[in-house]
Amino acid sequence: MTVTIGVIGGGQLARMMIPPAIHLGLNISVLAEVEGSSAARAADAVGDYRDPETVYAFAETVDVVTFDHEHVPNEILLELERRGKQVHPRPGALQYAQDKILMREKLAALGVPIPAWIATSNPDELSSFIAEHGGSAVVKTARGGYDGKGVRVVDTAAEVNDWFDGLAEGERLLVEEKVNFVRELSQLVARRPSGEMRSWPVVETVQKDGVCAEVIAPAPVANATTLATAAQIGHTVAEGVSVTGVLAVEMFETTDGRVLVNELAMRPHNSGHVTIEGSVTSQFEQHLRAVADLPLGSPAMTAPVAVMVNVLGGPPEGTMSLRYPEVLSQYPNAKVHSYDKTPRPGRKVGHVTVTGDSLPEVRGEANACAAAFL
């Protein structure tokens, strides 16, 4: 019997799940937030993912529920489980991607290396932490932040007074040391309910204004110890939280050679877009395999080097597709992905991937192709 995968969220991640679902013979159905979303081709329902009855009604039409984002209230997902629906990742795992304080507590309990941190609603505690950690700190809202939103680097507690004033009863801010790092890494792991796991090679991510701009696979000039540490951290977290589906563990490689966990995402992730052309099994196919409890595919690379560059903002007029005649002819080796989004400053409207043998050549072509859409 054909399995129907229900995806909550109609963004580009849901959009990129559609082709592998077709190839695997899986049905895919999307609960989109608005009409005309990126995943409109599979959007069988449109509604508010925060409304319990909307989510319950959607879940009745599918066999397995999974996600384009982590923002569905956990109590709704727990009720789905009580009603006998399969939810992957399960609410007990997803909570650690939804709440950064819970995430830090869980990672500490697992013995995973993380930056020094506290959770506080007290400006004086923040001031003391800043003084003890070199005169600055990174402050994050516990919930809702992404792509640099909900994150501030501060030198004084007064710089987040508005956040303190806006905290509800019992809420706290996450405060972390400002880590001296040489680069950011990402380890993607896929895990199915039976416990089978597969890991892709660790990649390097390059950020621009708090948003991922470029991903290089595999992470260049990485020593064996760094690679082994990143892989072990990924497996430890995946097993420790019993995740099902794709897990992205974002990490810092520090100036003194350590690897520290920064963030978690329990869904396909921007750092894994490079796997569509760069790996035997993409993160999107692997996620579907995992949530449907099918055997996982090979994560091996299809070429020595793969580079993905996000198209951020898009052209000042029109859409990416208007540039196709010029760009596609100029860069025939590039794979272009449009998210069918209206351009605006800083918005991810698509990405470009190039694979090959030479990192300088591949990286140069991918960046040039992406820039041609701006």
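Reading the values: the criteria
Residues numbered from 1 in each chain as written. Predicted model: local features only at pLDDT ≥ 70, side-chain atom pairs only at ≥ 80, totals over all residues. Heavy atoms only, no water. Helix = DSSP H or I, 4+ residues; strand = E, 2+ residues; numbered from the N terminus. Contact = heavy atoms within 4.5 Å. Axes fitted to C-alpha atoms, helices over the stretch in contact; angles between N-to-C directions. Parallel < 35°, antiparallel > 145°, perpendicular 65-115°, else oblique. Nonpolar A, V, L, I, M, F, W, Y, C, P; charged D, E, K, R; others polar. Buried < 20%, exposed > 50% of the residue type's maximum accessible area, 1.4 Å probe, protein only. Pairing = 2+ DSSP bridges. Core = buried A, V, L, I, M, F, W, Y, C linked by side-chain atoms within 4.5 Å. Expected span 1.5 Å × (residues − 1). Polar contact = N/O pair within 3.5 Å; in protein donor to acceptor, adjacent residues only side chain to side chain. Phe/Tyr/Trp six-rings, centres within 6.5 Å; stacked < 30°, edge-to-face > 60°. Lys NZ or Arg CZ within 6 Å of the ring centre and 35° of its normal.

Caption draft 1: Spotlight on the environment of Pro218. As for its placement among the helices and strands, Pro218 is situated in the loop between strand 13 (211-217) and helix 8 (224-241). A sequence separation of 18 residues divides Pro218 from Trp200, and the C-alpha atoms of the two residues are 8.9 Å apart. Not counting residues within four places of it along the chain, the set of residues in contact with Pro218 comprises Pro201, Val202, Met301 and Pro304.

Caption draft 2: How the structure looks around the packing of helix 5 (residues 100-110) against helix 8. For the pair helix 5 and helix 8, interaxial distance at closest approach is 10 Å and the crossing angle is 110°. As the angle between them shows, helix 5 and helix 8 are arranged roughly perpendicular. Facing helix 5, whose interface residues are Lys106, Leu107 and Leu110, helix 8 presents Thr236, Val237, Gly240 and Val241. For the contact of helix 5 with helix 8, the residue count by class is 4 nonpolar, 2 polar and 1 charged.

Caption draft 3: The pairing of strand 16 (residues 305-312), seen in detail. Here strand 16 lies mainly inside the structure; 8 of its 8 residues are buried. Because side chains alternate across strand 16, one face comprises the buried residues Val305, Val307, Val309 and Val311, and the other comprises Ala306, Met308, Asn310 and Leu312, equally buried. Bridge count between strand 13 and strand 16: 4 bridges; the pairing is antiparallel. Of the residues in strand 16, the one forming a bridge with Val215 is Met308. With 8 bridges connecting them, strand 16 and strand 18 (residues 348-356) associate as antiparallel partners. Bridge pairing in strand 18 links Val311 to Gly350.

Caption draft 4: Layout of the nonpolar core. Within the largest apolar cluster, 41 residues are counted, with the highest numbers of intra-cluster contacts made by Ile8, Val261 and Met266. Top contributing element to this core by residue count: helix 8, with 5 residues. In this structure Val261 touches Arg104, Leu107, Val112, Pro113, Ile114, Pro115, Ile233, Val249, Glu250 and Met251, once residues within four positions along its chain are discounted.

Caption draft 5: Representation of the sheet that holds strand 7 (residues 137-141) within the structure. With antiparallel pairing, 4 strands are arranged side by side in an open sheet as 6-9-7-8. Each of the sheet's edge strands pairs with one partner strand only, and the pair in question is strand 6 (117-120) and strand 8 (151-154). Neighbour to neighbour, the strand axes of the sheet diverge by 25° on average, direction disregarded. Direction of pairing for strand 6 relative to strand 9 (residues 173-177): antiparallel, over a ladder of 4 bridges. Looking at strand 9, one finds that Ala119 is bridged to Leu174.

Caption draft 6: Broad picture of helix 8. In this model helix 8 runs 26 Å from its N-terminal to its C-terminal C-alpha over 18 residues, within 8% of the 26 Å that 1.5 Å per residue would give. Here the buried face of helix 8 lies against helix 4 (91-98), helix 5, strand 10 (181-191), strand 11 (197-199), strand 14 (245-254) and strand 15 (259-265). Two to three positions downstream of the cap, the backbone nitrogen of Thr225 sits 3.1 Å from a side-chain oxygen, assigning the N-cap of helix 8 to Asn223.

Caption draft 7: Broad picture of the packing of aromatic side chains. Across all of its chains, the model carries 2 aromatic pairs by this definition. Ring centres of Phe181 and Phe252 lie 4.7 Å apart, and the angle between their planes is 25°; this geometry places the pair in the stacked category. A residue pair is termed long-range when its members are at least 10 positions apart, and Phe181 in strand 10 and Phe252 in strand 14 qualify at 71 residues. Take Phe252: its relative accessible area is 10%, and that puts it in the buried class. The interplanar angle of 85° and the centroid separation of 6.2 Å between the aromatic rings of Tyr324 and Phe373 together place this pair among those described as edge-to-face. Of the two residues, Tyr324 is situated in helix 11 (residues 324-330) and Phe373 in the segment after helix 12 (359-371); the sequence distance between them amounts to 49 residues. With relative accessibility at 0%, the residue Phe373 sits in the buried group. Over the ring of Tyr56 we find Arg83; its NZ or CZ atom is 4.0 Å from the centre of that ring.

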